[in-house]
Amino acid sequence: MSNLSLKGAKKLEKLIREQDWIYEDAGTRWADGLILGNGNLGVIGYAPYGLEWVLNKADVFDGRPYRGRLLPHDEVMAHFHRKHLRNLAFLNQAEAPPAGSVGPLSKSAALLRLRFGNESGWAASRPHRVRQRLCLWEGELYGELDLHLSHPRLRCFVPRPHSLFCLRLENCGAVLWDHIIELARPADDDLKAPTWRTGEGLAAFQQRMPHHGASYAVAALVAPAAGPRKDDLFQRCLHPRYRVAKSSVGESRHGTHHGQILQFGNADVFVAIRTSYECRDPLAAAIREVRHAARTGFDSLERAHRRWWRAFWEKGWADFGRHREIQKYWTFSLYETGCLFGKAPMPGLYGLWHGPTDGPRSGIYASAYTHDQNVQMPAMPIFAVNHPEFVEPFADMYLHALDERRRCARRLFGRPGIYFPLEMNPLGKGLSGGAYRYSLIGGPYSGVILVWAWRYTRNRRLLRERLYPLLREIVRFHVAGMRIGTDDRYHLDWEIPPEIYTLSRDCTATLALLRPCLETVIEASRLFNCDARERQHWEDVLARYPDYPRHPNGGWWAGSDVPKDHYTQAAYLLYPFFPGECADDDRARTAARTLRQTPQHDIEMSYADTNGRWHYKRSWAWFFPTVARLRLGKRTEAWTALHECLRLFSKPNGMFTHNPVVEADPRLTESNLKRIPRACLRHADGILSPISEFHCYDAGSAATLHPDARRWVTPASEGSGAFLFAATETLLQSHDGLIRLFPAVPGGFSGQFHRLLAQGAVEVSAAMDQGRIVYCKLKARRRVVVRLLDPSGEGDRKGTVLEIPLSRNRNWTWRKGYVPTEAGIERF
């Protein structure tokens, strides 16, 4: 139940509705569409001629694993030492898959098309102008179609917890043509023809997938609604009776299998998708679901759907004041988070927002690419924005893969526990071999998300049932590979620090993220009085944990065996500071030094820009240095970086790209390459190359004058998670157990936030007016002593830390001259 007053609820609704995403002319490609989702089913709406929706489901994926033979660790290390190698390049050939092997490909479950008459030929119906409005407050997509004597209106949504898409078509009393509702299985030479079933107003198919006998089914049902208006004589003469014609099935010359439903007039359309992972007979289940939806009714489903989204927004929100662009993308990114999390398995790198890979449309590789350092980024902001419940499907996916990953750890490394390769599908199967699989950071990286879940919620049941079972297995694997060195400390075995392909012991990134996992399993073991014998060993490892490798200039370095002139990626060097949140006394100073060494070693920089400087080549490479600057208190740099993110990675439909799009004349960006520093960096094979080889281009050649480049480029969910996290950190930070209010906003900032979550299970609301904090409210979910940086921040109290004991569900409020209502600052 809402804790907002009626006035506050209305102001909040107004704030969110102001962020509605509006396309006066709908996108013509799926990459430019507007999104709907419930964490299990994702839908993208666009209008290439008529209207079209891509339907993706989290458990509709190509589950074929990597086909190459993976060598055991002992055999790999024996070859490495015998040949005195620096890298594992030989593995790329030794573990190559058999010739002709087909890797995992992207799979979209279905396409739904709404066509008005025939779309081809000299007498084809002309396309409507389509205006789209995505209402974030309601989680619904509206469409307005306009053509001579034809002005249909529609709205659609994806309700929870169903695998269901609901569409209402209205105002069809004056159309000149019948409506063709077409359900299609996207063109895919990799799949066999589906099995179809049709009936009155029904088209459904079942599709076998290329792995493990898996299959899915899609059913579309059209339910006729109200007939023509009584005064519309022309329309009544044209179609005296509104009806649904019998469905038909066909195959286009492009190999797209489709079923068509001929419809006259207003209608409700329901589409359901079910998989063999959910039920034995997906086709029967999908048909039952659409028929049940028709009986329940569009209106009833819509009311429940709107209630869910209202509760979602009331749980936590922020107002950035006059910074409207930040506000708009922050709100959309939070909306996308609500669309992305719901049910295991978690969507892959591209979220639920990918399209078919037939000829006219550019697709993406491996939508089932479920585990990587990119894929976890959408989960990072869920705690601070007060939606920690979303960690449950995140954890469940890994729990489902637990047995498979245990077998792999035993077979390949001879160790207990689990490790997660950086390319993995929802079944826990690895997607690659060769040198890349020796980046063993995957387990600790996901483990940090689980650690945060405990630190933010202090929920013992969550810790016992989901977090501890996974963290314990992650720690077991890595601790089993540590050995005591001559310095009487434990050290990690050989592995490849992320992305640099040169082997090293004591990989800094893995060490930084393993430590909080180790600390949390020790705490949980004591709390639940279990695994006492293992806990003794874990405590010994923690007491004799190795230092993070350093570069001679004082910053962190990739690994103890990585040459100091090697190329690297600054994002990974910062892991001890964030997201590892190490407790070293000089962590801030070391993080600052690491940032300063970026231009000398980081290959994620590109000078293909027009502004006289460099930019990051990928959104994740932008993310970690930006958060480091936020936590170092570099307000101006961090706030500038937020706008830089929007310049480089934002899309007009609210999403973000993986690689940048620089809207500029390539002649200007090419002239800027003269600014590249003169230096050389060492490769994994030991060869030195000019730094210009890395800095003169972006993957995908980012600079272009194409007017629609930003609209057409494929989105990736990591960018939304990164921006949402970073922008939220400007308002509230709680790392190290200290709550900081508005720590990185620009001077003169006016704005507020409501019910954001701090570590320690404390909900925080606060307001700032003209750069001065005027209000703060804390609410404890658990008994806790809150450490708060004094919000007055003036005179002798500047930097003072308040310690506030709070019982469960008790509030603490501080005011200074103003009282903010739930959605608006008012004078006290």
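Conventions adopted
Residues numbered from 1 in each chain as written. Predicted model: local features only at pLDDT ≥ 70, side-chain atom pairs only at ≥ 80, totals over all residues. Heavy atoms only, no water. Helix = DSSP H or I, 4+ residues; strand = E, 2+ residues; numbered from the N terminus. Rg over C-alpha atoms; globule rule 2.2 N^0.38 Å. Buried < 20%, exposed > 50% of the residue type's maximum accessible area, 1.4 Å probe, protein only. Contact = heavy atoms within 4.5 Å. Areas by Shrake-Rupley, 256 points an atom, 1.4 Å probe, with all protein chains shown as cover. Pairing = 2+ DSSP bridges. Axes fitted to C-alpha atoms, helices over the stretch in contact; angles between N-to-C directions. Core = buried A, V, L, I, M, F, W, Y, C linked by side-chain atoms within 4.5 Å. Phe/Tyr/Trp six-rings, centres within 6.5 Å; stacked < 30°, edge-to-face > 60°. Polar contact = N/O pair within 3.5 Å; in protein donor to acceptor, adjacent residues only side chain to side chain. Salt bridge = Lys/Arg side-chain N within 4 Å of Asp/Glu carboxyl O. Arc of directions from axis to C-beta. Parallel < 35°, antiparallel > 145°, perpendicular 65-115°, else oblique. Nonpolar A, V, L, I, M, F, W, Y, C, P; charged D, E, K, R; others polar.

*Asks:* Could you give an account of the overall build of the protein chain, naming the residues involved and the relevant values?
*Replies:* Along the backbone of the protein chain there are 22 helices and 35 strands. Its C-alpha atoms give the protein chain a radius of gyration of 28 Å, near enough to 28 Å, the size a compact globule of 828 residues would have. Its C-alpha atoms put the protein chain at 90 × 75 × 65 Å along the principal axes. Counting across all 828 residues of the protein chain, residues that qualify as buried make up 62%. If you take every contact in the protein chain between residues at least 6 apart in sequence, the share linking residues at least 24 apart comes to 69%. For the protein chain, the exposed surface amounts to about 31600 Å²; the carbon and sulfur share of it is 49%.

*Asks:* Residue-level account of the sheet that holds strand β16 (residues 267-275), with values.
*Replies:* Taken together, the 9 strands give an open sheet; going across it, the order is β1-β6-β7-β8-β9-β16-β13-β12-β11, and neighbouring strands pair in antiparallel fashion. Two strands close off the open sheet at either side, each with one partner strand: β1 (21-23) and β11 (195-199). Put simply, the sheet's adjacent strands are angled 10° from each other on average, direction ignored. Sheet topology places β11 next to strand β12 (residues 202-208); 5 bridges connect them, and they run antiparallel. Residue pairing for β12: Arg197 is matched across the bridge by Ala204. In the packing of helix α6 (residues 298-314) onto the sheet, contacts are made with β7 (140-146), β8 (153-157), β9 (164-170) and β16, and the angle to β8 comes to roughly 55°.

*Asks:* How would you summarise the nonpolar core if you had to cite specific residues and measurements?
*Replies:* One finds Trp53, Phe165 and Leu741 to be the most contacted residues of the largest nonpolar core, which totals 222 residues. For Phe165, the contacting residues outside a window of four places in its chain are Leu36, Leu41, Val43, Trp53, Leu55, Leu112, Cys156, Phe157, Val158, Val269, Phe270 and Val271.

*Asks:* So what's going on with unusual backbone geometry? Residues and values would help.
*Replies:* With an omega dihedral of -5°, the bond running from Arg160 to Pro161 counts as a cis peptide bond. Its identity is not glycine, yet Glu581 carries a phi of approximately 50°, on the positive side. As for its placement among the helices and strands, Glu581 is situated in the loop between α14 (570-573) and α15 (587-596). Using a relative accessible area of 10% as the deciding quantity, one classes Glu581 as buried.

*Asks:* So what about the packing of aromatic side chains? Which residues, and what values?
*Replies:* Across all of its chains, the model carries 44 aromatic pairs by this definition. Each ring, one from Tyr419 and one from Phe477, has its centre 5.3 Å from the other, and the planes form 25°; the classification is stacked. Of this pair, Tyr419 sits in the loop between α9 (402-413) and α10 (442-457) while Phe477 sits in helix α11 (residues 460-480), placing them 58 residues apart in sequence. Accessibility classification places Tyr419 together with Phe477 in one group, the buried group. The rings of Trp21, Trp308, Trp309, Phe312, Trp313, Tyr329, Phe332, Tyr335, Phe341, Phe390, Phe656 and Phe723 are connected pair by pair, giving a single aromatic cluster.

*Asks:* Kindly report on the sheet that holds strand β28 (residues 751-758), identifying the contributing residues and their values.
*Replies:* Either a parallel or an antiparallel arrangement is found when strands of a sheet pair, and the pairing is made through backbone hydrogen bonds. Strand order in the open sheet formed by 5 strands is β17-β28-β29-β30-β33, and the pairing between neighbours is antiparallel. Because the sheet does not close on itself, it has two edges, and the strands there are β17 (317-319) and β33 (811-815). Averaged over all pairs of adjacent strands, the angle between strand axes in this sheet comes to 15°, irrespective of strand direction. Two elements, β28 and strand β29 (residues 762-769), share 6 bridges in a ladder whose sense is antiparallel. Its bridge partner lying in β29, Ala758 is registered against Val762.

*Asks:* I'd like a rundown of the environment of Thr502, residues and numbers included.
*Replies:* Examined against the element boundaries, Thr502 turns out to sit in the loop between β19 (490-491) and α12 (508-528). Along the chain, Thr502 and Asp281 lie 221 residues apart, while their C-alpha atoms are 49 Å from each other. If we skip the residues at most four places from it in the chain, Thr502 touches Arg86, Glu495, Ile496, Pro497, Pro563, His566, His683 and Ala684. Of the polar contacts made by the side chain of Thr502, one reaches the side chain of His566; its length is 2.7 Å.

*Asks:* Provide a residue-level description of the environment of Lys617, including the pertinent values.
*Replies:* Structurally, Lys617 can be placed in the loop between β21 (615-616) and α17 (619-631). Each C-alpha atom, one on Lys617 and one on Leu4, is 43 Å from the other, the two residues being 613 residues apart in sequence. Of note is the side chain of Lys617, whose polar atom sits 3.1 Å from the backbone oxygen of Ile603.

*Asks:* I'd love a proper account of the pattern of salt bridges, names of residues and values included.
*Replies:* The final tally for this structure, using the stated rule, is 68 salt bridges. Arg155 is the salt-bridge partner of Glu170, the closest N and O atoms lying 3.1 Å from each other. Within this pair, whereas Glu170 is found in strand β9, its partner Arg155 is found in strand β8, the two being separated by 15 residues in sequence. By relative accessible area, which is 29% here, Glu170 ends up partly exposed. Here Glu473 ties to Arg476 by a salt bridge, and the two come within 2.6 Å at their closest N and O atoms. Taken as a pair, Glu473 and Arg476 lie in helix α11 at a separation of 3 residues, close to a single helical turn. By sharing partners, the salt bridges in this structure join Glu13, Arg17, Glu138, Glu140, Arg155, Glu170, Glu302 and Arg306 into a single network.

*Asks:* Outline helix α2 (residues 73-83), listing residues and values.
*Replies:* Looking only at α2, the buried set comprises His73, Val76, Met77 and Phe80. Down the axis of α2, the sector holding all buried residues measures 95°, keeping them to one side. Seen from the open side of α2, the exposed residues pointing more than 90 degrees away from its buried face are Asp74 and Arg82. The elements touched by buried residues of α2 are α3 (89-94) and α9. Directly after α2, the chain includes His84, whose backbone phi takes a positive value near 55°.

*Asks:* Break down the side chain of His615 for me, citing the residues and quoting the values.
*Replies:* Locating His615 in the fold gives a position in strand β21. Under the relative-accessibility criterion, His615 is labelled buried at 1%.

*Asks:* I'd love a proper account of the packing of α9 against α11, names of residues and values included.
*Replies:* In the contact formed by α9 and α11, the axes pass within 12 Å of each other and the chain directions differ by 5°. Considering the angle they form, α9 stands roughly parallel to α11. Facing α9, whose interface residues are Leu402, Arg406, Ala409 and Phe413, α11 presents Leu470, Glu473 and Phe477. For the contact of α9 with α11, the residue count by class is 5 nonpolar, no polar and 2 charged.

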